Structures are given as C-alpha cells and as structure tokens.
Amino acid sequence: MNTFTPGELNALVSLLDDTDYEVRSHVREQIISLGTEIIPFLEEKWETSFNPEIQKEIEEMVHDLQFSLLKKRLIEWKESEDRDLLTGLWIINTYQYPDLEYEKLNAEMHQIYFEVWTAFKNDLPPYDQVRIINNVLFNNLRFSANTKNFHSPANSMLSAVLDSRRGNPLSLCAIYLLVGKKLGLPIYGVNLPNLFVLTYKSGDLTFYINAFNKGLIFSKQDIFNYLEHLKLEPKDEYFEPCAYLQILMRTLRNLSNSFEKLGELEKVEEVKELMSILED
C-alpha cells in the first residue's frame, strides 16, 4: 500500500477497462504485487464503480489475492509440526468463505464441545461414552446426513455444516473427531472407500463409529463385509487411523467432485492445485 498514493491507485484502477490488453495486464500485476492489504481498497472501488468491466477485473484480482493467501496458509499448515485439524479445515473453508475468521470457527466448535462435555462422564465404559456423544450431537444438536444435497460443496465447508447441521460422512466425522480429541478420547479417522468413518482404538479395544448414520457403532467384521460387498480386497488402511493430512486431502477431493458435478471447471482446477500442495 505504501508504494502508491491513493490518487495513483485510483488512476491504476481506472485503467482496468483499457482496450489495450497489455496495459490491463500491467495494471493487474502492479495492483496484485501490493498483496492482500490492497483487498479492502479494491472492494471499496468495486462498490463505488458503475463500470461492469472494472468490477469484473476487481473481482478476479481479489479472488487471485485471496487464493494466493490460502495456498500460503496451506503450505504453512503442511510444514507445521502438529498439523492441527481445525486449522486445516478452516484454511480450506476460506476457499468459499475468504472472510471467515479462525476464531469464529473455533468458538463454534468449542460451544459444541461444551454441550457434549456437560453430559459426559469420564468413568463410563467407552461404548457408553460414545453413546453420550451420539445423543448430544445427533439428538440434542440435530446434526444429520445431508442426503438431499450429498454432492453440495457446502458439505466440505465446516462453517456451512455447523450452520445447517447437515454434512457428508467426512465433515460429520471431523466434527465428532474434534470433540472426541478435546475430551481426550482415542478416536481417529478411517479412510474407507466411498465412506469415511471413525475408530475408537485403545489397548485391546477397537470399534468403529459411523457419524453419517447417527454414530452407529460397528465392528471390524462389518468392515470386511462392507469391502466384500464392494468386491474390494481388504487393506490395512481400511481399518487403521489415518493422518490429518489425509483428511484434508479427502476434503479437497470431495470439493473437487462437487464442483465437477456443478460444471465449475475453473474451481476444479484450483482445488486440484491445493491438493498438489499437500501431495508434494
């Protein structure tokens, strides 16, 4: 912002509808080089402009700046030691909701945890503890499977799932997992084909939880039966906990599939770009 005076910035913006493509490209480069700090100025210019060409150029620049910030945050997340799940999901969330603050998402998740915690009892057996979590999440708070709009991009946006109380298997499991982690329970994500579930894994005790079916508890044999039904060979990864990076990868894959079904191919390419960051 310090590179140009307000007058110079106004002059640059006024050139965004220049008939010369090279002039427009140069102006875009100049403005984008100023970084995300320029976004509020650009948004103000968009609101006060009556030129649809300039508004379109501003929208594209703001998106490019926000997308660059998202990629930077995702790289930092991948390079961080803990790879915090909520932080990672928030970063992906900012693809659709760039103004969403982490603090808002964290506060909403804390409120859900508090609701579960007030009903929770540490001295109960694991199965009963899980039933308490199920009762609060799926009966009291009314989280449920979004079967009507299963392929909606909103199902991969944690903030949208928290607002609507509807989600896909992965987003519902993520909420359950975040609550379980905060309670100190050995609950982890499991990457099954066509379905994401949870496992309670401690010592000699292992069982599974289907958050997409109101926290249904099932066994290892049920997974064998499921794989047999799909005519798939059992693999260790279908039974064991997966890393948070895999949860983010699957979230992005779901998002890419959603945009593909909507025919939003530019967004598909951008999401694939985000996936490549986590793959590198």
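Here the structure is shown first, and the text comes after it.
The structure contained in this document is the topic of the report that follows. Since we're looking at a predicted model, the values are computed, not measured. Along each chain, residue indices are assigned from 1 in the same order as the chain's sequence is written. Given that this is a predicted model, residues contribute local features only at a pLDDT of at least 70 and side-chain atom pairs are listed and counted only at 80 or more, while totals for whole chains, interfaces and linings are drawn from all residues. Note: side-chain values were computed over all heavy atoms of the structure, leaving out hydrogens and water.

1. Some thoughts on a negative patch on the surface
Logical step 1: Candidate patch residues must exceed 30% relative accessible area and have no salt bridge, after which like charges are joined if within 9 Å and Val, Leu, Ile, Met, Phe, Trp or Tyr side chains if within 5 Å. A 1.4 Å probe and the Shrake-Rupley method give the accessible areas. Residues count as covered only by the protein chains that appear here. Salt bridges are defined as contacts in which a side-chain nitrogen from Lys or Arg sits within 4 Å of a carboxyl oxygen from Asp or Glu. Positive charges come from Lys and Arg, negative ones from Asp and Glu, while His and the chain ends are left out of the count. Here the site of a charge means NZ on Lys, CZ on Arg, CG on Asp, or CD on Glu. There is a patch of like negative charges on the surface, built from E43, E44, E47, D99, E101 and E103.
Logical step 2: Think of it this way: any DSSP run of H or I at least four residues long counts as a helix, any run of E at least two long counts as a strand, and we number them from the N terminus. The leading source of residues in the negative patch is helix α3 (residues 39-48), at 3 residues.
Logical step 3: Mapped onto the elements of the fold, E103 is located in helix α6 (residues 102-119).

2. Brief notes about the pairing of strand β4 (residues 195-202)
Logical step 1: The buried label applies to any residue whose accessible area, calculated with a 1.4 Å probe on protein chains only, is under 20% of its type's maximum; exposed applies above 50%, and partly exposed to all values in between. Across the 8 residues that make up β4, a large majority, 6, are buried.
Logical step 2: Criterion used throughout: strands pair if DSSP finds at least two bridges between them. The sheet contact formed by strand β3 (residues 187-192) and β4 spans 6 bridges and is antiparallel. For V190, the partnering residue across the bridge sits in β4 and is V197.
Logical step 3: If you look at the hairpin formed by β3 and β4, you'll find 2 residues sitting between the two strands, and N194 has a positive phi there, around 65°.
Logical step 4: Counting the residues in the hairpin turn of β4 and strand β5 (residues 205-210) gives 2 residues, including G203, whose phi is positive at 60°.

3. Some words on the layout of surface pockets
Logical step 1: Empty space within the largest pocket amounts to approximately 330 Å³.
Logical step 2: Computed over the protein atoms alone on a 1 Å grid, cavities are sets of points where a 1.4 Å probe fits but cannot get out and pockets are open sets with protein on both sides within 12 Å along at least five of seven lines; a residue lines them when it has an atom within 4 Å of a point. Surrounding the largest pocket, 16 residues form its lining, F150, N194, R250, N254 and N257 being those nearest its centre.
Logical step 3: Those elements giving two or more residues to the lining of the largest pocket turn out to be α9 (169-182), β4 and α11 (244-262).
Logical step 4: The leading source of residues in the lining of the largest pocket is α11, at 5 residues.
Logical step 5: Under the scheme applied here, ten amino acids are nonpolar (Ala, Val, Leu, Ile, Met, Phe, Trp, Tyr, Cys and Pro), four are charged (Asp, Glu, Lys and Arg), and all others, including Gly, are polar. Taken together, the residues of the lining of the largest pocket break down into 5 nonpolar, 9 polar and 2 charged.
Logical step 6: Grid points are joined across faces, edges and corners, and a volume is the space filled by probe spheres set on the points. Quantified by volume, the second largest pocket comes out at close to 240 Å³.
Logical step 7: Residue lining of the second largest pocket: 14 residues in total, with Q66, L69, R73, P98 and D99 positioned closest to the centre.
Logical step 8: Looking at the lining of the second largest pocket, the elements with two or more residues in it are α3 and α4 (52-79).
Logical step 9: Among the elements that take part in the lining of the second largest pocket, α4 stands out by supplying 4 residues, more than any other.
Logical step 10: Here the residues of the lining of the second largest pocket sort into 7 nonpolar, 3 polar and 4 charged.

4. Considering the pattern of salt bridges
Logical step 1: This model, assessed by the stated rule, comprises 8 salt bridges.
Logical step 2: The shortest N-O distance in the salt bridge between E273 and K71 comes to 2.7 Å. Separated by 202 residues along the polypeptide, E273 in helix α12 (residues 265-279) and K71 in helix α4 bring together distant segments of the chain.
Logical step 3: Judged by relative accessible area, which is 34%, E273 ranks as partly exposed.
Logical step 4: Between K72 and E76 there is a salt bridge, and its shortest N-O distance comes to 3.1 Å. Separated by 4 residues within a single helix, K72 and E76 lie in helix α4, roughly one turn from each other.

5. Digging into the packing of aromatic side chains
Logical step 1: Aromatic pairing here means that ring centres of Phe, Tyr or Trp (its six-membered ring) are within 6.5 Å. Orientation follows from the plane angle: under 30 degrees is stacked, over 60 is edge-to-face, and everything else is tilted. Tallied over the full model, the rule gives 10 aromatic pairs.
Logical step 2: With a centroid separation of 6.0 Å and 70° between ring planes, the pair formed by F67 and Y95 is classed as edge-to-face. Of this pair, F67 sits in helix α4 while Y95 is found in the loop between α5 (85-93) and α6, placing the two residues 28 residues apart along the sequence. Here the two residues F67 and Y95 agree in accessibility, since each one is buried.
Logical step 3: Taken together, a centroid distance of 4.3 Å and an interplanar angle of 20° make the contact between Y127 and F207 stacked. Of this pair, Y127 sits in helix α7 (residues 126-140) while F207 sits in strand β5; the two residues are 80 residues apart in sequence, bridging distant segments of the chain.

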